[in-house]
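Okay, here's what each chain looks like letter by letter:
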Amino acid sequence: MFKVVRTFDFPGALGIEKEIFGDQIEIKEIPSYTEDDLIKNCKDADAVICEYEPFTKRVIDALPNLKLIAFGTIGFNYADIDYAKSKNIAVSHVSKYCIKEVADYTMAMILMLNRRISSFHHQVKKEKVWKFDTFPNTRRLEEQTIGLLGFGNIPRLVVERLKPFGSKVIAYDPFIDKREVKERYHVDLVSFDEVLAESDILSIHLPVNNDTYQIINDQSIAKMKDHVIFINSARGQLIDESAIVRAIDSGKMQYYAADVLTEENPDLHTHAFMEYENIILTPHIAFYSQEAIREASIESATNVKNFFEGNYKKAQIVNGVYV
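So, here's what we can say about the structure. (Residues numbered from 1 in each chain as written. Predicted model: local features only at pLDDT ≥ 70, side-chain atom pairs only at ≥ 80, totals over all residues. Heavy atoms only, no water.)

## Quick word on the overall build of the protein chain
Part 1 of the reasoning: Scanning the protein chain from N- to C-terminus turns up twelve helices and twelve strands.
Part 2 of the reasoning: At 21 Å, the protein chain has a C-alpha radius of gyration in line with the 20 Å of a compact globule built from 323 residues.
Part 3 of the reasoning: Principal-axis analysis of the C-alpha atoms gives the protein chain an extent of 65 × 50 × 35 Å.
Part 4 of the reasoning: A burial count over the protein chain gives 51% of its 323 residues as buried.
Part 5 of the reasoning: For the protein chain, long-range pairs separated by at least 24 residues make up 61% of all intrachain contacts whose partners lie at least 6 apart in sequence.
Part 6 of the reasoning: Counting every atom, the protein chain has about 16,000 Å² of accessible surface; 52% of that belongs to carbon and sulfur.
Part 7 of the reasoning: Charged side chains in the protein chain number 38 positive and 48 negative. The centres of these two groups are separated by 3 Å. (Helix = DSSP H or I, 4+ residues; strand = E, 2+ residues; numbered from the N terminus. Rg over C-alpha atoms; globule rule 2.2 N^0.38 Å. Buried < 20%, exposed > 50% of the residue type's maximum accessible area, 1.4 Å probe, protein only. Contact = heavy atoms within 4.5 Å. Areas by Shrake-Rupley, 256 points an atom, 1.4 Å probe, with all protein chains shown as cover. Lys, Arg positive; Asp, Glu negative; His and termini not counted. Charge placed at Lys NZ, Arg CZ, Asp CG, Glu CD.)

So, in structure tokens, the structure goes:
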């Protein structure tokens, strides 16, 4: 019998996993947040289902039975996937759960920030000012260009949600066929620099890897329009947070809305973003709904089941290990 450890607590997941695995795979839920925890609790595991736990070289070397690191998230940057590949350990992720929720979150932020709702709320409730023209540069959404950095499942749904508003949408994604995107979504795929330069509102949907780590920095921000609105519901590591502070201070960036920070468990007493009214923060909740929680458990468990049954193409493996 294969042994699997889920290294984080997830409501309702254990019952779903046991139903999917049946009597072929044993599943245990053992929250393990540090390298030492992982080494101790996963020493006999053939596979793990993880979230943000650090599957580093040290951890991988200490788990001799490990064959699969199965992320219960879309992102998989908390594992050293290249080192796992060198050890013939597969890494999988989920790609379908919560995409509607994150697209809804992105659309909600676009609407809220374009209409300055959070700022007007602050003006009324905190400053006790009832005034309509605080932001004279407010513009109709259909007259603006929305830029999407990445054009996977989530931004494609964002495009669908944007259709009734009539905005021009452009996107950057070097791995997607331009003709298909234009014909199916009526979106122009352009260069990274062009998206930065032409967009009034930007939303990032890239994975974190060596090429995208802190891709939003002083240099890339300098290429953006003045008073740009920027939304990040992807990963905090895509952003140089100190560069965001400088952009907000200078007025280059009008709003920064983030569901994620560089640290998954940030110190909210000391984080620089806490001082800024026009940096909008939510605690990594864009994914969350009752439906998404269930779908995540089903999808990650199904990946594990497919892997151990040899259905590697259905296991959503991201590092090219299939045996």
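Anyway, onward from the coordinates.
## A look at empty space enclosed by the protein
Part 1 of the reasoning: In total, this model carries two cavities of 30 Å³ or more according to the counting rule given.
Part 2 of the reasoning: In this structure, the largest cavity spans a volume of roughly 40 Å³.
Part 3 of the reasoning: Across the lining of the largest cavity, the residue classes break down as five nonpolar, two polar and one charged.
Part 4 of the reasoning: In this structure, the second largest cavity encloses a volume near 30 Å³.
Part 5 of the reasoning: Taken together, R6, F8, F10, A13, E17, I49, G72, A296, S297 and S300 make up the lining of the second largest cavity.
Part 6 of the reasoning: Top contributing element to the lining of the second largest cavity by residue count: helix α12 (residues 290–308), with three residues.
Part 7 of the reasoning: Tallied by class, residues from the lining of the second largest cavity come to five nonpolar, three polar and two charged. (1 Å grid on protein atoms, 1.4 Å probe; cavity = no way out; pocket = protein on both sides within 12 Å on 5 of 7 lines; lining within 4 Å. Points joined across faces, edges and corners; volume = space filled by probe spheres on them. Nonpolar A, V, L, I, M, F, W, Y, C, P; charged D, E, K, R; others polar.)

## Some remarks on the side chain of T106
Part 1 of the reasoning: Within the secondary structure, T106 is located in helix α5 (residues 99–114).
Part 2 of the reasoning: Every residue in contact with T106, bar those within four places of it in the chain, is listed here: V158, S203, H205, I231 and S233.

## Description of α12
In an α-helix there are 3.6 residues to a turn, and that puts residues three or four apart on one side.
Part 1 of the reasoning: Between its first and last C-alpha, α12 extends 28 Å over 19 residues, near the 27 Å set by a 1.5 Å rise per residue.
Part 2 of the reasoning: Residues of α12 that are buried: A292, I293, A296, S297, E299, S300, A301, N303, V304, N306, F307 and F308.
Part 3 of the reasoning: G310, located one to two residues past α12, shows a positive phi value of around 85°. (Expected span 1.5 Å × (residues − 1).)

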